[in-house]
Structures are given as C-alpha cells and as structure tokens.
Amino acid sequence: MYEYKIDIPSSINITTPVVITIHGMGSNYDDLNTLVPAIIGNAVSIHLQGDLSFGAGYAFFIPDFTKHSEESIIRPVIDKIYATITKIIADNNLQQQPIYLIGFSQGAIIGTGLINLYADFLTKVWLFSGRMPTFIAESGQKLTTKTKTDVFVSQGLIDPLFEPKVGQAIAKNLGSHVRTLQYKEYPSGHTIHVNTIVDAQSLIHIK
C-alpha cells in the first residue's frame, strides 16, 4: 500500500467519480489536489504518494534502467498502485463509482500503464507531460477491442524532458483502443499550462 490522502464529500451519488491523483518525481500527494475541483468538480479524491525519497519529496520509481529493464522496475509499481487503489475503494465501499485518474510526469507514465495493462479499470484519464515505456506501448498494441476509457493527453512544446513527439506517441498508441482521445500541445515546459485546465474539462462532458 502506498501512503495516501482521501477526501470524501458530504454528498455523493452513483455518478460521483473517484479521482486518483499520481504526482511526479520530487513531489507529494498534495501536488495535484487542486486539479480535482478545477477540472472535475464534486468528487471523491484519493491522492497517492510515492514510497521513495527523492529531492524534497517522493517518487514511485527511480528512472535508472542501466542495470534493470524499464519493465522490471515500472511494472511492479503499476501493479502495486492498482492494488492500492482497489483496496482503498473497497475499504470505503466505493466500488460502484466511476474511477478517474490524473497523472503528471511520472504519474502520467504510470497512468499509461494502468490504461493498457488494466483495460476498462479507468473511466476517464488525464495525462500531463508524460511518456509511454516500450513495454506499455506493446501491451496496448495487443488490445483488439475498444475500451470504455476517455483520455486527455497534454504535452509542452518546450518540455526539456519529454518533447512533443513523446506525447504524440502516447496519443497514437492510446488512440487505437480507448473510447475517445484528446491531445493538446501548449507553449510550456515540463508543467501544466494554465489553458490546460479549461481544455481538460471537455472530457467531463463526454457521456
């Protein structure tokens, strides 16, 4: 289990989503919490925190693949996050709610894995400034039917870590098998551009 914070509003119904946030390297579970009301509105929010110290915060994995493959390092993290989410949801009797995910950078990388390795687990996903490891891309290429997931992907045009073609590759892979895919590029670096929030809200209106 990863450390987490959960916020359950006083009033929820069967359509109230559970929103998972997964932060980037060097941050913590408070990093993305303001995005939930800004993009989605009323929701149950679960903010996960990495278990590895990194800089002033935490990480879910350290991207050093010199001795071990990406798959051997990242796949166990994806599986552990999936197990953590399902346990939190079960412990709080939220199994009937739609599950959304917001991921930034490392969180977006993990998000691509949850989409491709656990098809139909997530209803709506926002991936900001991420990339897709090869083993996750290959798993997506094996999916032969459309999933129920709607996805929004954004990438900065001057991102020093993941250039636009990296985001374009995510969109191309996911676009072949998710229900809907929106891809946007912004005049920004490795961050979430202010215009992203308004554009990201469009995913909520897809029924």
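It should be noted that the structure appears before, not after, this text.
Here's a quick rundown of the structure.

### As for the pattern of salt bridges
Phase 1: Scanning all chains against the criterion turns up eight salt bridges.
Phase 2: Here R75 makes a salt bridge to D79, at a shortest N to O gap of 3.0 Å. One end of the pair, R75, and the other, D79, are both in helix α2 (residues 70–91), four residues apart, so they sit about a helical turn from each other.
Phase 3: A relative accessible area of 25% means that D79 is categorised as partly exposed.
Phase 4: Notably, a salt bridge pairs D150 with R179, separated by 2.6 Å at the nearest N-O pair. With D150 in strand β8 (residues 150–156) and R179 in the loop between α5 (164–175) and β9 (180–186), this residue pair connects regions lying 29 residues apart in the sequence.
Phase 5: Through salt bridges that share partners, K124, D150 and R179 make up one connected network.

### A look at the sheet that holds β9
Phase 1: Judged by pairing direction, the sheet is mixed, and its seven strands sit side by side in the order β1-β3-β2-β6-β7-β8-β9 without closing on themselves. With partners counted over all chains shown, the strands left at the sheet margins are β1 (3–7) and β9, one partner each. Averaged over all neighbouring strand pairs, the angle between strand axes comes to 15°, with direction disregarded.
Phase 2: Here β1 pairs with strand β3 (residues 44–49) via five bridges, running antiparallel. Residue pairing across strands places K5 opposite H47, the latter belonging to β3.
Phase 3: Where α2 meets the sheet, its contacts fall on β1, β2 (18–22), β3 and β6 (99–104), and the angle it forms with β3 comes to roughly 145°.
Phase 4: The strands that helix α3 (residues 106–117) touches are β2, β6, β7 (124–128) and β8; relative to β6, the one it contacts most, it runs at about 140°.

### A word on a nonpolar patch on the surface
Phase 1: A cluster of nonpolar residues, M1, Y4, I6, I8 and I12, forms a patch on the protein surface that exposes about 400 Å² of accessible area.
Phase 2: Among the secondary structure elements, I8 is positioned in the loop between β1 and β2.

### Some words on the pairing of β6
Phase 1: Counting buried positions along β6 yields six of six residues, so the element is predominantly enclosed.
Phase 2: What you see with β6 is no split at all: I99, L101 and G103 on one side and Y100, I102 and F104 on the other are buried throughout.
Phase 3: As paired elements, β2 and β6 share five bridges and run parallel to each other. From the neighbouring strand, V19 faces β6, where its bridge partner is Y100.
Phase 4: As paired elements, β6 and β7 share five bridges and run parallel to each other. Paired with G103 across the bridge in β7 is L127.

### Focus: unusual backbone geometry
A negative phi holds for most residues other than glycine; trans holds for most peptide bonds.
Phase 1: At D120, a residue that is not glycine, the phi angle is positive and equals roughly 75°.
Phase 2: Topologically, D120 is positioned in the loop between α3 and β7.
Phase 3: Judged by its relative accessible area of 36%, D120 falls in the partly exposed class.

### Focus on the pairing of β7
Phase 1: Counting buried positions along β7 yields five of five residues, so the element is predominantly enclosed.
Phase 2: Alternating residues of β7 divide into K124, W126 and F128 and V125 and L127, and every residue in both groups is buried.
Phase 3: As a crossover connection, the stretch from β6 through α3 into β7 is right-handed.
Phase 4: Pairing of β7 with β8 involves five bridges; the strand directions are parallel. Bridging across to β8, K124 finds its partner in D150.
Phase 5: The parallel pair β7 and β8 is bridged by helix α4 (residues 134–141), and the resulting crossover is right-handed.

Reading guide: rules and limits
Residues numbered from 1 in each chain as written. Predicted model: local features only at pLDDT ≥ 70, side-chain atom pairs only at ≥ 80, totals over all residues. Heavy atoms only, no water. Salt bridge = Lys/Arg side-chain N within 4 Å of Asp/Glu carboxyl O. Helix = DSSP H or I, 4+ residues; strand = E, 2+ residues; numbered from the N terminus. Buried < 20%, exposed > 50% of the residue type's maximum accessible area, 1.4 Å probe, protein only. Pairing = 2+ DSSP bridges. Axes fitted to C-alpha atoms, helices over the stretch in contact; angles between N-to-C directions. Contact = heavy atoms within 4.5 Å. Patch = residues over 30% accessible without salt bridge, like charges linked within 9 Å, V, L, I, M, F, W, Y side chains within 5 Å. Areas by Shrake-Rupley, 256 points an atom, 1.4 Å probe, with all protein chains shown as cover. Right-handed = clockwise from strand over helix to strand, strands pointing away.

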